[in-house]
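Given next are the chains, with one letter for each unit.
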Amino acid sequence: MGEMDRFVGTVLNEKYEITEIIGIGGMSVVYKAKDVYNGRTVAIKLLKDEFNNDMFKTRFVNESRVISMLSHKNV
């Protein structure tokens, strides 16, 4: 996986310790992480480097907003 697993073992925003890759999509990589303050397991989705431009960032943010509105016991 090379480039994609470079975040494993790092801490984002001094809050989320990335532990492993759990999924790879066309535009992004999803990581399993631990909230270092409360121990909660979370998923973090990061845009791949090749899609790091304004058009894709806008799409990514819009998708994130829609996903954040989900409310289901399995999510």
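Conventions we followed
Residues numbered from 1 in each chain as written. Predicted model: local features only at pLDDT ≥ 70, side-chain atom pairs only at ≥ 80, totals over all residues. Heavy atoms only, no water. Salt bridge = Lys/Arg side-chain N within 4 Å of Asp/Glu carboxyl O. Helix = DSSP H or I, 4+ residues; strand = E, 2+ residues; numbered from the N terminus. Buried < 20%, exposed > 50% of the residue type's maximum accessible area, 1.4 Å probe, protein only. Pairing = 2+ DSSP bridges. Contact = heavy atoms within 4.5 Å. Axes fitted to C-alpha atoms, helices over the stretch in contact; angles between N-to-C directions.

Engineer: What am I meant to see in the pattern of salt bridges here?
Structural biologist: Between side chains of opposite charge, a pair can form as their charged atoms come close. All told, the structure shown has four salt bridges when counted by the stated rule. With its nearest N and O atoms 3.0 Å apart, the salt bridge here joins Arg6 to Asp49. Residue Arg6 is found in the segment before β1 (11-12), and its partner Asp49 is found in the loop between β4 (41-47) and α1 (54-68); the two are separated by 43 residues along the sequence. For Arg6, a relative accessible area of 41% translates into the label partly exposed. Overall, the relative accessible area of 38% leaves Asp49 in the partly exposed class.

Engineer: Even after reading the chapter, I still don't get the sheet that holds strand β3 (residues 28-35), so can you show me in this structure?
Structural biologist: Pairing between the strands of a sheet comes from backbone hydrogen bonds, and it takes one of two forms, parallel or antiparallel. The four strands lie next to each other as β1-β2-β3-β4, forming an open sheet whose pairing is antiparallel. Two strands close off the open sheet at either side, each with one partner strand: β1 and β4. One ladder, built from seven bridges, connects β3 with β4; its direction is antiparallel. If you follow Ala33 over to β4, its bridge partner there is Val42. Packed onto the sheet, α1 meets β3 and β4 and runs at close to 155° relative to β4.

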